[in-house]
Amino acid sequence: DGVAVTVPERRYELVAQILAAAVDTEPGDAHAAALAEAGRRGRDLGGRHRGEDLTGVLAGLGFEPERAPGRLLLANCPFHDLARHHTALVCGLNHAFLAGLVEGLGAAGTARLAPGPGRCCVEVADR
């Protein structure tokens, strides 16, 4: 195993695992399979952290959450370089992953696509 350090934090291995699992599972419709896999991984991770604070879990994943009125903004995208080059795919996977995470945690909030300059394309709106 190797060691990689990135500042700000990046998680390209997670996207690679999601895409590889999707192609293995459903090569004929890898896009739909990748969205389903991202959601499943988010729910699984959220379930392992159920009852923990959403902000803390997001911070631990490198999203750098910041509270704004009625929503939680994510100042960092752990998939930044991929998202710049494959925006629709990666932001869709990120949205599915974070929606699953919120659900798995049992947290109050809704992940939604909300791209903005200098931040992640997903935010969590208060319910």
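Cut-offs and rules
Residues numbered from 1 in each chain as written. Predicted model: local features only at pLDDT ≥ 70, side-chain atom pairs only at ≥ 80, totals over all residues. Heavy atoms only, no water. Helix = DSSP H or I, 4+ residues; strand = E, 2+ residues; numbered from the N terminus. Rg over C-alpha atoms; globule rule 2.2 N^0.38 Å. Buried < 20%, exposed > 50% of the residue type's maximum accessible area, 1.4 Å probe, protein only. Core = buried A, V, L, I, M, F, W, Y, C linked by side-chain atoms within 4.5 Å. Contact = heavy atoms within 4.5 Å. Expected span 1.5 Å × (residues − 1). Phe/Tyr/Trp six-rings, centres within 6.5 Å; stacked < 30°, edge-to-face > 60°. Salt bridge = Lys/Arg side-chain N within 4 Å of Asp/Glu carboxyl O. Axes fitted to C-alpha atoms, helices over the stretch in contact; angles between N-to-C directions. Left-handed = near helix turned anticlockwise from the far one by under 90°. Nonpolar A, V, L, I, M, F, W, Y, C, P; charged D, E, K, R; others polar. Arc of directions from axis to C-beta.

Asker: Hey, could you run me through the overall build of the protein chain in this one?
Answerer: Looking only at helices and strands, the protein chain has five helices and four strands in total. Starting at the N terminus and ending at the C terminus, the protein chain contains elements arranged as α-α-α-β-β-α-α-β-β. Relative to its length of 127 residues, the protein chain is compact, with a C-alpha radius of gyration of 14 Å against a globular reference of 14 Å. Dimensions along the principal axes, computed over C-alpha positions, put the protein chain at roughly 40 × 30 × 30 Å. By the burial criterion, 42% of the 127 residues in the protein chain qualify as buried.

Asker: Sorry, what's going on with the nonpolar core here?
Answerer: A general feature of soluble globular proteins is that nonpolar side chains tend to end up buried together. Grouped together as the largest cluster of nonpolar side chains are 33 residues, with contacts concentrated most on L54, L58, F63, L98 and L101. Elements with a minimum of two residues in this core: helix 1 (12–25), helix 2 (30–48), helix 3 (54–60), strand 2 (71–74), helix 5 (87–105) and strand 4 (122–125). Here this core takes nine residues from helix 5, the largest share from any one element. In contact with F63, other than residues within four places in its own chain, are L58, L74, A75, N76, P78, F79, N94, L98 and C120.

Asker: I'm lost on helix 5 in this one. Help?
Answerer: Compared with the 27 Å implied by 1.5 Å per residue over 19 residues, the 26 Å span of helix 5 between its first and last C-alpha is a close match. Immediately downstream of helix 5, the backbone of G106 shows phi near 75°, a positive value.

Asker: So what exactly am I meant to see when it comes to the packing of aromatic side chains here?
Answerer: Centre distance and the angle of the planes are the two values used to describe a pair of aromatic rings. One pass over the structure, following the stated rule, counts one aromatic pair. Both rings, one in F63 and one in F79, keep their centres 6.3 Å apart while their planes meet at 75°; by these two values the pair is edge-to-face. Of this pair, F63 sits in the loop between helix 3 and strand 1 (65–68) while F79 sits in the loop between strand 2 and helix 4 (80–85), and the two are 16 residues apart along the sequence. The class for F79 is buried, based on a relative accessible area of 4%.

Asker: What is the right way to read the pattern of salt bridges from this model?
Answerer: Pairing between side chains of opposite charge can happen when the charged atoms of each approach one another. The tally for this structure, following the rule as stated, stands at nine salt bridges. Between E123 and R119 there is a salt bridge whose closest N-O contact spans 3.7 Å. For R119, a relative accessible area of 27% gives the class partly exposed. Taken together, the shared-partner salt bridges in this structure form one network comprising E37, R40, R41 and D44.

Asker: Looking at this model, I keep getting lost on the environment of C77. Mind explaining?
Answerer: Note on placement: C77 falls in the loop between strand 2 and helix 4. Once you skip the residues sitting within four places of it in the chain, C77 turns out to touch E9, R10, A83, N94 and C120.

Asker: I'm lost on the packing of helix 2 against helix 5 in this one. Help?
Answerer: At a minimum axis distance of 6 Å, the contact between helix 2 and helix 5 shows a crossing angle of 30°. As for the relative orientation of helix 2 and helix 5, their crossing is right-handed in sense. Contacts between helix 2 and helix 5 involve H31, A34, L35, A38, G39, R41, G42, R43, L45, G46 and G47 from the former and L89, G92, L93, A96, F97, G100, L101, E103, G104 and L105 from the latter. Here the contact of helix 2 with helix 5 is composed, by residue class, of ten nonpolar, eight polar and three charged.

Asker: I'm lost on helix 1 in this one. Help?
Answerer: Counting along an α-helix, one turn takes 3.6 residues, and residues three or four places apart therefore face a common direction. The terminal C-alpha atoms of helix 1, which comprises 14 residues, lie 20 Å apart, in line with the 20 Å expected from a rise of 1.5 Å per residue. Turning to helix 1, its buried residues number three or more, namely L14, V15, I18, A21 and A22. Axial view of helix 1: buried residues confined to an arc of 135°, hence all on one face. The exposed residues of helix 1 that point more than 90 degrees off its buried face are E13 and D24. On its buried side, helix 1 packs onto helix 2, helix 4 and helix 5.

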